[in-house]
Amino acid sequence: MMKRILLLLMITGLLSCKGADNTNAVEVSGRSIMVNNTPFSIKGICYHPVAKGAEQRSFENLNQDLDLMLEAGINTIRVYAPIDNLEVLDAIEEAGIKLIVGFGYNQGGHFDILSGTFIDYVNSYKNHPVILMWELGNEYNYHPDWFDGDLKNWYQAMNDAAKLVHENDPNHPVTTAHGELPDELALKSSPNIDVWGMNVYRWDDPTDIFEAWKERSDKPMYLSEAGGDSYMTIAKAGYEAGVNEKGQADANANILESVFNNQEICSGVTMFSFTDGWWKAGNLDSQDPGGWAPNSSGVPYDGTPNEEYWGIVDIDRNKKETFDIIKSYYKQLNE
């Protein structure tokens, strides 16, 4: 009887500590992100799935989405808000995909930086093997108005938050998704950021940013957003107006070529984005052109961010032309 009780206690302990002893070591070495002492190349995708007619994120299609991601060779998902669902985290980990978890500044006290509750999430999930990095903010440098008109306030909050993460979780780097190349103020104000993510829309060629970063910093960087949408507001550069998957596919091919030709500087990319988002610009029940994004004139090839057309699959999970482009680059790197 005693043996059975001890066995049950052991099994219960193992189940309750799922992931506690299975954390893959993630660290920074020079310009590289290292997973288990091996340089890790981010072949990623931004993921914020919202169903037709809805405004909130839902993981109802997670299994189908993971199958498509694996087919495309994706090894990293970047999410804009924490996933407080162990089943979802386990499913992503079991697929062999890593996760970059984003925290917002002011999310009403729900795992946000302003309230300090983000660290509760870090402490709850820091031992889960799915975690690659913790991300603080998304393009907040475009919004000084959120910080009393002074970006120093944001950089101070970000740097303090990164320090708190380091004190609680020494096993995962802290990153941020900065809008474009960080300037001197950003870098000097934020020494606790380990890896700089950059949302970069420089038409279809981000090459210049890698050399600029090499001169500016010796830390790792990656493109936290890049890509094109599949709608041309006007005819331009040989691409017809209207829905245009060819333009998106061509732009993404050129962007990926640049990223992976510069791996000595760039640790990879999380392309924007996995699925179209019908919630962004107009009727929730239809796909509408339009939308707005800061500093977006570099969106290929019309200079206009049609926010609801950015997926590599549509909202029904039909593959667009760019899906095979993503697949060809990501899979090639596995060979």
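Okay, so let's go over this structure. (Residues numbered from 1 in each chain as written. Predicted model: local features only at pLDDT ≥ 70, side-chain atom pairs only at ≥ 80, totals over all residues. Heavy atoms only, no water.)

**A closer look at helix 8 (residues 245-260)**
The test is simple: Secondary structure elements are defined from DSSP: runs of H or I of at least 4 residues count as helices, runs of E of at least 2 residues count as strands, and each element is numbered from the N terminus. Expected helix span is taken as 1.5 Å per residue step, with the number of steps being one fewer than the number of residues. Here the term buried applies to any residue with accessible area under 20% of the maximum for its type, exposed to any over 50%, and partly exposed to those in between, with areas from a 1.4 Å probe on protein chains only. Whether two residues are in contact is decided by their heavy atoms: any pair within 4.5 Å suffices. In protein, a polar contact means a hydrogen-donor-capable atom and an acceptor-capable atom, both N or O and within 3.5 Å, with residues adjacent in sequence counting only if both atoms are side-chain atoms; elsewhere, any N or O pair within 3.5 Å suffices.
In a regular helix each residue adds 1.5 Å, so 16 residues correspond to 22 Å; helix 8 covers 22 Å between its end C-alpha atoms and thus fits that length. Of all the residues in helix 8, the buried ones are Gly247, Gln248, Ala249, Ala251, Asn252, Ala253, Ile255, Leu256, Ser258, Val259 and Phe260. Lining the buried residues of helix 8 we find strand 4 (42-46), helix 7 (207-216), strand 10 (221-225), strand 13 (266-271) and helix 9 (321-332). A side-chain oxygen of the first residue of helix 8 lies 3.3 Å from the backbone nitrogen of lysine 246; this N-cap is asparagine 244.

**Comments concerning the layout of surface pockets**
The condition that has to hold: Site definitions follow a grid-based scheme: protein atoms alone, a 1 Å grid, a 1.4 Å probe that fits but cannot get out for cavities, and for pockets an open set with protein on both sides within 12 Å along at least five of seven lines, plus lining residues having an atom within 4 Å of a point. Grid points are joined across faces, edges and corners, and a volume is the space filled by probe spheres set on the points. Following the grouping adopted for this structure description, the nonpolar residues are Ala, Val, Leu, Ile, Met, Phe, Trp, Tyr, Cys and Pro, the charged ones are Asp, Glu, Lys and Arg, and the polar ones are all others, Gly among them.
Counted as a void, the largest pocket has a volume near 1300 Å³. For the lining of the largest pocket, the elements supplying multiple residues, two or more each, are strand 6 (98-103) and strand 7 (131-138). A per-element tally of the lining of the largest pocket places strand 7 first, with three residues. Class assignment of the residues belonging to the lining of the largest pocket gives a composition of 21 nonpolar, 17 polar and ten charged.

**Some thoughts on the sheet that holds strand 3 (residues 38-39)**
Heads up, the condition is: Each pair of strands is called paired provided DSSP finds at least two bridges between the two strands.
An order of 1-2-3 is seen for the three strands of this open sheet, with the pairing classed as antiparallel. Here the strands that pair on one side only, and so sit at the sheet edges, are strand 1 (26-29) and strand 3. Inspection of the sheet shows strand 2 (residues 32-35) paired to strand 3 by two bridges, in the antiparallel sense. The partner of methionine 34 across the bridge, within strand 3, is proline 39.

Everything listed is a geometric property; what it means functionally is a separate question.
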